[in-house]
There are 2 protein chains.
Amino acid sequence: MTAKVKHSELRQLVCSQLQILLAQGNLEGAKALLLPVQPVDIAEAIEGLGESMQAIAFRLLGKAEAIEVYEYLDSTVQQTLIEDFRRQEVLDIVDKMSPDDRVRLFDELPAKVVRRLLAQLSPKEREATALLLGYEEDTAGRIMTPEYISLKENLTVTQTLERIRRLANASEIIYYLYVTDSSRHLKGIVSLRDLVLSDPNKSLEEIMTQDLVSVSTDTDREEVARLIQRYDLLALPVVDREQRLVGVVTIDDTMDILEEEATEDIYALGGVQADGDNYFQTNLVTVARKRVVWLFVLLITNTVTGTIIRSQEDILQQVVTLAAFIPLLTGTGGNVGAQSSTVVIRGLNTETINNLGPGPIIFREALAGVLLGAILGTVATVWAFWLQSDWFVAITVGVSLVAIALLASIAGSGLPFLFRHFGLDPALMSAPFITTAVDVLGVLIYFNIARLVLGL
Amino acid sequence: MTAKVKHSELRQLVCSQLQILLAQGNLEGAKALLLPVQPVDIAEAIEGLGESMQAIAFRLLGKAEAIEVYEYLDSTVQQTLIEDFRRQEVLDIVDKMSPDDRVRLFDELPAKVVRRLLAQLSPKEREATALLLGYEEDTAGRIMTPEYISLKENLTVTQTLERIRRLANASEIIYYLYVTDSSRHLKGIVSLRDLVLSDPNKSLEEIMTQDLVSVSTDTDREEVARLIQRYDLLALPVVDREQRLVGVVTIDDTMDILEEEATEDIYALGGVQADGDNYFQTNLVTVARKRVVWLFVLLITNTVTGTIIRSQEDILQQVVTLAAFIPLLTGTGGNVGAQSSTVVIRGLNTETINNLGPGPIIFREALAGVLLGAILGTVATVWAFWLQSDWFVAITVGVSLVAIALLASIAGSGLPFLFRHFGLDPALMSAPFITTAVDVLGVLIYFNIARLVLGL
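Enquirer: Could you clarify how one ought to interpret the sheet that holds strand S1 (residues 150-151) of chain A in this entry?
Expert: Consider a sheet: its strands pair through backbone hydrogen bonds, and that pairing is either parallel or antiparallel. Residue and element names in this part refer to chain A. If you trace the three strands from one edge of the open sheet to the other, you get S1-S2-S3, paired in mixed fashion. Edge positions in the sheet fall to S1 and strand S3 (186-191), since each has one partner strand and no second. Alignment of S1 against strand S2 (residues 176-180), held across two bridges, turns out to be parallel. Note on S2: the bridge partner recorded for serine 150 is tyrosine 178.

Enquirer: I keep staring at helix H22 (residues 391-421) of chain A and nothing clicks. Help me out?
Expert: The α-helix winds at 3.6 residues per turn, so residues separated by three or four positions along the chain end up facing the same way. All names here are of chain A. Relative to the 45 Å expected for 31 residues at 1.5 Å per residue, H22 spans 45 Å between its end C-alpha atoms, a close match to the ideal helical length. In the structure, H22 departs most strongly from a straight axis at glycine 414, where the bend amounts to approximately 30° and where the proline proline 416 lies between one and four residues downstream. Following H22 by one or two positions, glycine 423 adopts a phi angle in the positive range, close to 75°.

Enquirer: Would you mind showing me how to read helix H16 (residues 251-269) of chain A here?
Expert: All names here are of chain A. An ideal rise of 1.5 Å per residue puts 27 Å on 19 residues; H16 measures up with 27 Å between its terminal C-alpha atoms. Counting buried positions over the 19 residues of H16 gives 16, a clear majority of the element. A positive phi of about 80° marks glycine 271, the residue just after H16.

Enquirer: Could you clarify how one ought to interpret the sheet that holds strand S4 (residues 215-216) of chain A in this entry?
Expert: Residue and element names in this part refer to chain A. Sheet architecture is open: three strands sit in the order S4-S5-S6, paired in mixed fashion. Two strands lie at the open edges of the sheet, namely S4 and strand S6 (245-250), each paired on one side alone. Examined bridge by bridge, S4 and strand S5 (residues 235-239) share two bridges and lie parallel to one another. When the sheet's bridge partners are listed, valine 215 is paired in S5 with valine 238.

Enquirer: Any chance you could explain the environment of Val293(A) here in plain terms?
Expert: Within the secondary structure, Val293(A) is located in helix H17 (residues 284-311). A C-alpha to C-alpha distance of 8.9 Å links Val293(A) and Val272(A), two positions 21 residues apart in sequence.

Enquirer: Would you mind going over the interface of chain B and chain A with me for this structure?
Expert: Think of interface size as the accessible area that goes away when the parts come together; that is how it is often given. Contacts between chain B and chain A engage 97 residues on the former and 96 residues on the latter. Top element by residues in the side of chain B that touches chain A is helix H17 (residues 284-311) of chain B. It accounts for 14 residues. The class makeup of the residues in the side of chain B that touches chain A is 55 nonpolar, 28 polar and 14 charged.

Enquirer: Looking at this structure, how should I read the nonpolar core?
Expert: One recurring pattern in soluble globular proteins is that nonpolar side chains are buried together. Membership of the largest hydrophobic core comes to 102 residues, with the highest contact counts inside it found for Tyr178(A), Leu236(A), Val249(A), Tyr178(B), Leu236(B) and Val249(B). Among the nonpolar cores identified, the runner-up in size contains 92 residues, and Ile309(A), Val336(A), Ala450(A) and Leu329(B) belong to it.

Enquirer: Hey, could you run me through unusual backbone geometry in this one?
Expert: Glycine aside, negative phi is the norm for most residues, and most peptide bonds take the trans geometry. Backbone geometry at Asp138(A) places phi at a positive 65°, although glycine is not the residue there. Residue placement: Asp138(A) occurs in the loop between helix H10 (123-133) and helix H11 (140-143). Under the C-beta neighbour-count criterion, Asp138(A) is labelled partly exposed, with 16 such atoms within 10 Å. In this structure, Asp232(B) is a non-glycine residue whose phi angle is positive, near 50°. With respect to the helices and strands, Asp232(B) occurs in the loop between helix H15 (221-230) and strand S5 (235-239).

Enquirer: Got a minute to help me understand the relation of the copies chain B and chain A in this structure?
Expert: Taken together, a rotation about one axis and a shift along it account for how the two chain copies relate. Mapping chain B onto chain A calls for a screw motion: a turn of 180° about the axis and a shift of 0.1 Å along it, with 0.1 Å RMSD after fitting. Such a combination of turn and shift is consistent with a two-fold rotation axis. Comparing contact sets, 99% of the residues at the interface of chain B also lie at the interface in chain A, consistent with an isologous, same-surface contact.

How each quantity is defined
Residues numbered from 1 in each chain as written. Chains lettered and ligands numbered in written order. Predicted model: local features only at pLDDT ≥ 70, side-chain atom pairs only at ≥ 80, totals over all residues. Pairing = 2+ DSSP bridges. Helix = DSSP H or I, 4+ residues; strand = E, 2+ residues; numbered from the N terminus. Expected span 1.5 Å × (residues − 1). Bend = angle between axes of the 7 residues up to and from the residue. Buried ≥ 20, exposed ≤ 12 C-beta atoms within 10 Å, placed from the backbone. Contact = placed C-beta atoms within 7 Å. Nonpolar A, V, L, I, M, F, W, Y, C, P; charged D, E, K, R; others polar. Core = buried A, V, L, I, M, F, W, Y, C linked by C-beta atoms within 7 Å. Least-squares fit on C-alpha atoms with pLDDT ≥ 70 in both.

Any functional reading would require information beyond the geometric quantities listed.
Written out as structure tokens, the structure is:
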């Protein structure tokens, strides 16, 4: 058996080796180390260096590789390098980046720097960049690349292959070729696969696919990503309001978008504001800002729970043991609700429950809530009786648990639908929120059932 | 301005139209409706039908299209159709599915049905399927397709293009060609792009890429997906222990894997067991089973909190108002901890914090916890004083909140690292778990600070 090394371990080895070589001032060694390494891994290794070392390491790279590595670097490191470099060096790199990567960089830079850089780009690149920057953030227009190959429908397969050989370097994608008419309207798509497999004398018109999926420049980037995923595409054409082809979104961006969207959902579910920045690279004040808003909302909800408990001081003073079961009841209720909201929110965001309306889903969750409540309530009743030897308290706890689980399921599954109905992000109905909201209702139910059962 | 229709709305229209036409018995109309619709959308429309209608709708499709649609269908619907169909019809479809999709279907079918189907497949397909079924679940071997094009290195570009024309239909992917030696060792990769752009007389050896990324058959599918994403590949070769090429994992599977993994993480964070099944298509008992385990664990933790509160009955009876602040303190602590664990778990799972060790992360979270605790503690102190006009209680609440927030941050950020260290899924340190665990510690801290401040 051969020893198995995971790719991630290899990469960490490169990172630490690079640090050592640079600390020793062994630049030739560092250069040799990076030679067989993939650009994305070089970018990671550079990100792991101290700020002063980053520029030194970056200068070891050949020109073509430097551009590729630069595109992969995190935006904060990209900025550091821009500040460290002499003007001409920066310009050379920025001018050669692909327009969509360049726009992603510009989004992070101060407006002043962007204006200066834009003014110094070559006219063609400036135009391409300005076009993308003109579209709103998180839309297809902003993430597309204008570097694709478009051809006229009367070209033959042989002519097309010749044309591609000339155009390939100016295009980010050559696996799909776009057939347009004289006013740039998209007529069809020919894949490189179809082209290679077709009779060389056929025209593009004869072999192109005409029922095609396209999006407009203002389509949300998440929808773009979902369409590429759904139809197993390598790229998706973007058209403007007049149906003219203006760009292409490629699959590699898609994967990053879906991952970012999943992170945003997870953050929202955990009660952390997500704004696309890397949480681990922002400063403490930003971190606090991202988290404090939710905590305040929840603090206020919690004081409501406290107020309710205070208003029941009379019953608590009579039966102090009731207080001991509050965490169990509200905690379990919160957890049942959090489970329901989690599955519903994920279902909504991945479009897996779009076919079913809210009715059947909430009903099913309510049934699950009663079932879970009954199982847990039985256990809790036995446990409460064992602790207190008081059937009234034990029954109060058990019955309350069923009622709270039912209610928590309905709230957990219903609120995300309600939020979406009003155009809000369903993920705002996060586990922390449901947990806290159920607390309020939980103690209300508990004390009222206690009054009923105990006859207070 | 043109009216904008979202793709998802169009798809829902097809679903409802199909239902109406089938209910009217208008089979010709249904057939016409589905003609311009993409296979994946037809699959969705069929999934939306009642069980009896699904087979009828499916029979409307042409043979080639039926296979494509079948591959996209949810596994429960695939099973229903298998049961409804006559043996030969089933076999025709199953025999023509691509091997990786077939294996995904077989994973869901009863073992008896799988054995029967396997025995009746054509020899070539049987062999391919048995090969994949031999690898463990969730590994590269299980999800790869054995349908790729491999070529010898001495072929010229022209010869290769001719060869591809013959082989293309037997391959799931032709954008990458794999160059192997006589014992099937992987020597290099030629992309269709390189092939089309190269001098026709060059040999594959001259144009192939040699520093390539590959995985072995037992590599975890999530690692496979992350590598494809990281290196912007369209496919990743899979080699066996002797470094022989045995299959290829394609990018379209990658996106689904990453989405499933994100769903599993989100479910785990919400306290729901994830096993890859579609939550909304499993029955209530399965749903309860997926959720009850966690709820029990949390119930037990909650009873510990309850026990602690009961043990403090002496202090509670003296200062009943202390009870009113328990939900606020434990709730806020739980939420702070949930935030920390959320960002750390997501960071670990997307490999964005692998470069940094646990130390700096936990330290940073602890600082954030103190900062957030101080902000919220100040507010809580003022609020508590306003309610009770008792500085001792107010200060107890404020100081407790800072201590609880600090502790919750450390627990929330540290426990995922600890779990990963022991080879467990960090996502088990979910928001519900942290929330509940912090409850226990929260009340302990609260009552002890109360004893100190109130001098009880």
